[in-house]
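Structure assessment
Spelled out, the chains give:
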Amino acid sequence: PKNTDFPDDFPTANVASASTTDYGYFEATNDGAFDVGFGQFDNPGTTNADETLLFTYLDNLQLYKFPFDYQNEFTDTMSRTYTINNGAILIESGTSRTVKYDGWGTLILPTGTFNNVARLRIDQVRHDEAPDDPNNIFLDQQVIRYEWFSLDLRSPILSLQFFEQNNGGQQTSE
């Protein structure tokens, strides 16, 4: 995380993911993995603060709980606030995530065979809204995700996701 563009905004993060325009910040511990925040540039290649979105969470979202025990499940919630339109509109957001360890075994892929793999079903629901905006900006999102998680590597090696979203009345499914 220290070599990313937003390390000071996420001091508890000890893992980061990066793409061309955004960074995810995570904390990995012996007890689990947690989503602690997100930074994104609206315009790739710029670092101007008014062109940046920072998603700092009021409470971190637990992604995984270690150790995995077959048939166990847990639910965690997270809330956050962020602004859009250069700070003009405040968005309040909440997410609920349920993770169930519902299968285990060996996963055979074209890239190799992986033993000691847990299958996780993840159900995640998110709701964002702008309470003070007269245009009633909102986002409702539901994700069902299956992950095949290597217990040896402590990382997902394959995932399959189903996604539905209502963004201000516009429906999307994938």
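Rules of the game
- Residues numbered from 1 in each chain as written.
- Predicted model: local features only at pLDDT ≥ 70, side-chain atom pairs only at ≥ 80, totals over all residues.
- Heavy atoms only, no water.
- Helix = DSSP H or I, 4+ residues; strand = E, 2+ residues; numbered from the N terminus.
- Buried < 20%, exposed > 50% of the residue type's maximum accessible area, 1.4 Å probe, protein only.
- Contact = heavy atoms within 4.5 Å.
- Areas by Shrake-Rupley, 256 points an atom, 1.4 Å probe, with all protein chains shown as cover.
- Lys, Arg positive; Asp, Glu negative; His and termini not counted.
- Charge placed at Lys NZ, Arg CZ, Asp CG, Glu CD.
- Salt bridge = Lys/Arg side-chain N within 4 Å of Asp/Glu carboxyl O.
- Pairing = 2+ DSSP bridges.
- Axes fitted to C-alpha atoms, helices over the stretch in contact; angles between N-to-C directions.
- Phe/Tyr/Trp six-rings, centres within 6.5 Å; stacked < 30°, edge-to-face > 60°.
- Lys NZ or Arg CZ within 6 Å of the ring centre and 35° of its normal.

Looking only at helices and strands, the protein chain features 0 helices and 10 strands. Going from N to C terminus, the protein chain has its helices and strands arranged as β-β-β-β-β-β-β-β-β-β. Each principal axis of the C-alpha distribution contributes one length, and for the protein chain these read about 50 × 35 × 30 Å. Across the 174 residues in the protein chain, those meeting the buried criterion constitute 33%. Relative to all contacts within the protein chain whose residues are 6 or more apart in sequence, the contacts with residues 24 or more apart total 43%. Of the roughly 10200 Å² that the protein chain leaves accessible, carbon and sulfur atoms contribute 47%. Positive and negative side-chain charges in the protein chain, numbering 10 and 26 respectively, have mean positions lying 10 Å apart.

As a further point, take the pattern of salt bridges. The full count for this structure, using the stated rule, is 4 salt bridges. Its salt-bridge partner being D123, residue R121 comes within 2.8 Å of it at the nearest N-O pair. The residue D128 makes a salt bridge to R126 at a minimum N-O spacing of 2.5 Å. Each member of the pair, D128 as well as R126, is classed as buried.

This part takes up unusual backbone geometry. For the peptide bond that leads from F66 to P67, omega is -5°, which places it in the cis range. Looking at the secondary structure, you find P67 in the loop between β4 (52–65) and β5 (73–84). A positive phi angle, near 60°, is found at N116, a position not held by glycine. The topology assignment puts N116 in strand β7 (residues 112–129).

Now for the sheet that holds strand β1 (residues 15–18). Spatially, β1-β2-β3-β4-β5-β6-β7-β8-β9-β10 is the arrangement adopted by the 10 strands of the open sheet, whose pairing is antiparallel. Sheet topology places β1 and β10 (170–173) at the edges, where each strand pairs with a single neighbour. Direction aside, the axes of adjacent strands within the sheet are offset by 20° on average. Summarising the sheet, strand β8 (residues 138–150) and strand β9 (residues 155–167) pair through 12 bridges and their orientation is antiparallel.

Further remarks concern the environment of N166. Structurally, N166 can be placed in strand β9. Owing to a relative accessible area of 16%, N166 belongs among the buried residues under this scheme. Once the C-alpha coordinates of N166 and Q141 are considered, the two residues, 25 residues apart in sequence, prove to be 6.4 Å apart.

Here we take up the packing of aromatic side chains. The full count for this structure, using the stated rule, is 13 aromatic pairs. Between F6 and Y23, the ring centres sit 5.9 Å apart and the planes meet at 75°, which makes this aromatic pair edge-to-face. Here the residue F6 occupies a position in the segment before β1, and Y23 occupies one in strand β2 (residues 22–28), the gap between them amounting to 17 residues. Under the relative-accessibility criterion, F6 is labelled buried at 6%. Since its relative accessible area comes to 15%, Y23 is described here as buried. Residues F68 and F149 carry aromatic rings whose centres are separated by 4.9 Å and whose planes lie at 90° to one another, so their mutual orientation is edge-to-face. Placement of the pair is F68 in the loop between β4 and β5 and F149 in strand β8, with a sequence separation of 81 residues. Take F68 and F149: they sit in the same class, and that class is buried. Taken together, the ring pairs in this structure connect Y64, F66, F68, Y70, Y101 and F149 into an aromatic cluster. Over the face of the ring belonging to F66 we find R154, whose NZ or CZ atom lies 3.9 Å from the ring centre.

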